[in-house]
Amino acid sequence: MPKSPTKRRPITRAALTDSALELFLEKGFHATSISDIVERAGLTRGAFYSNYRDKEELFLALYDAHTDRLLTELREAFAHRAEAGTHPLVRLHERITGRTPEERQWFMASMEFTLHAARHPEIARALAGHENRLTRGLAEVVSGALAQEGYRSAVAPEDLARLLVAAFEGLTAREVVHGADEPARLLPQLLDALSEPA
């Protein structure tokens, strides 16, 4: 018996997001068309538009999925105390930036989307809402990790999360261009400025 449209919907959405993620990582956001996405997913344009308004809405769905995975990984990573002498924000940086080739590709695709959003105010507002969700989750994780290791934030938790995301993105961009030495030299200075012993 054929599946109803309601039962097929999650399968269709998963096929679209999977194929879009592969293509965004391979080619970038701008170079990927909706036709590319549906062709790789083995679906029609009608299937796309019955699930997503446009390519931007699909990217933001991927952004939320990435946020959920990242926050889950961080909560699990900080559930236990680390070895003495390892600053919790260093551990955070190691887990957020450049963990795998796929993560590095995601960084490139998300930076491309951020520049796209900067040129379109409506998309920028939508992206800001999704980024705020990441900020709130990250603030919770970071506050807990610092307290567990005997530190406190030098600024409000959500401001700390925003500063860390901005710093990690900037350092990752510099690492892509300049190599790993410069971020490794600058990071300890940054973390010392953002936290202090409790």
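For clarity, every value in this text was computed on a predicted model and none was experimentally measured. (Residues numbered from 1 in each chain as written. Predicted model: local features only at pLDDT ≥ 70, side-chain atom pairs only at ≥ 80, totals over all residues. Heavy atoms only, no water.)

1. What about the overall build of the protein chain?
- Helices and strands together make up the secondary structure of the protein chain, namely 9 helices and 2 strands.
- Reading the helices (α) and strands (β) of the protein chain from amino to carboxyl end gives α-α-α-α-α-α-α-β-α-α-β.
- Expressed along its principal axes, the backbone C-alpha trace of the protein chain runs to roughly 60 × 40 × 30 Å.
- Scored against the burial criterion, the 198 residues of the protein chain give a buried share of 37%.
- Taking the contacts inside the protein chain whose residues are at least 6 apart along the sequence as the reference set, 66% of them involve residues at least 24 apart. (Helix = DSSP H or I, 4+ residues; strand = E, 2+ residues; numbered from the N terminus. Buried < 20%, exposed > 50% of the residue type's maximum accessible area, 1.4 Å probe, protein only. Contact = heavy atoms within 4.5 Å.)

2. Thoughts on the domain arrangement of the protein chain
- Looking at the protein chain, the domain boundaries give domain 1 (1-52) and domain 2 (55-197).
- If you average the C-alpha positions of domain 1 and of domain 2, the two centres end up 28 Å apart.
- Contact residues are listed per partner, giving 16 residues for domain 1 and 14 residues for domain 2.
- Between domain 1 and domain 2, roughly 1,400 Å² of surface is buried when both sides are summed, and carbon and sulfur atoms account for 75% of that area. (Domains from an automatic or database assignment. Buried area = accessible area lost by both parts, 1.4 Å probe.)

3. A closer look at helix α2 (residues 34-41)
- Three or more residues of α2 are buried, namely I34, I37, V38 and A41. Down the axis of α2, the buried side of the element spans an arc of 90°, and every buried residue falls inside it.
- A positive phi of about 70° marks G42, the residue just after α2. (Arc of directions from axis to C-beta.)

4. Some details on the UniProt feature "DNA-binding region" (unreviewed entry) in the protein chain
- Within this structure's numbering, the places UniProt gives as "DNA-binding region" (unreviewed entry) are residues 33-52.
- The span residues 33-52 shows a helical share of 65% and a strand share of 0%, and its end C-alpha atoms are spaced 14 Å apart. (UniProt positions renumbered as here; feature names shortened; annotations may be inferred.)

5. Side note on the pattern of salt bridges
- This structure, assessed with the given rule, holds 10 salt bridges.
- R53 is paired through a salt bridge with D54; the nearest N and O atoms lie 3.7 Å apart.
- On the accessibility criterion, R53 (58% relative accessible area) is exposed.
- Its salt-bridge partner being D159, residue R162 comes within 3.1 Å of it at the nearest N-O pair. In this pair, R162 and D159 both sit in helix α8 (residues 157-178), 3 residues apart, roughly one turn of the helix.
- One connected set of salt bridges, linked through shared partners, spans E22, E26 and R40. (Salt bridge = Lys/Arg side-chain N within 4 Å of Asp/Glu carboxyl O.)

6. Structural notes on the side chain of S195
- Take S195: it is sitting in strand β2 (residues 195-197).
- Look past the residues within four positions of S195 in its chain and what remains in contact with it is H87, L89, L146, Y151, R152, S153 and A154.

7. Some thoughts on the packing of aromatic side chains
- Evaluation of the coordinates by the stated rule reveals 8 aromatic pairs.
- With a centroid separation of 6.0 Å and 50° between ring planes, the pair formed by F48 and Y52 is classed as tilted. The exposure classification of F48 matches that of Y52, with both residues buried.
- The interplanar angle of 10° and the centroid separation of 4.2 Å between the aromatic rings of F59 and F113 together place this pair among those described as stacked. With F59 in helix α4 (residues 55-77) and F113 in helix α6 (residues 101-118), this pair connects stretches of sequence that are 54 residues apart. (Phe/Tyr/Trp six-rings, centres within 6.5 Å; stacked < 30°, edge-to-face > 60°.)

8. A word on a nonpolar patch on the surface
- Residues M108, V176 and V177 make up a contiguous nonpolar surface patch of about 280 Å² in total accessible area.
- Within the element layout of this structure, V176 appears in helix α8. (Patch = residues over 30% accessible without salt bridge, like charges linked within 9 Å, V, L, I, M, F, W, Y side chains within 5 Å. Areas by Shrake-Rupley, 256 points an atom, 1.4 Å probe, with all protein chains shown as cover.)

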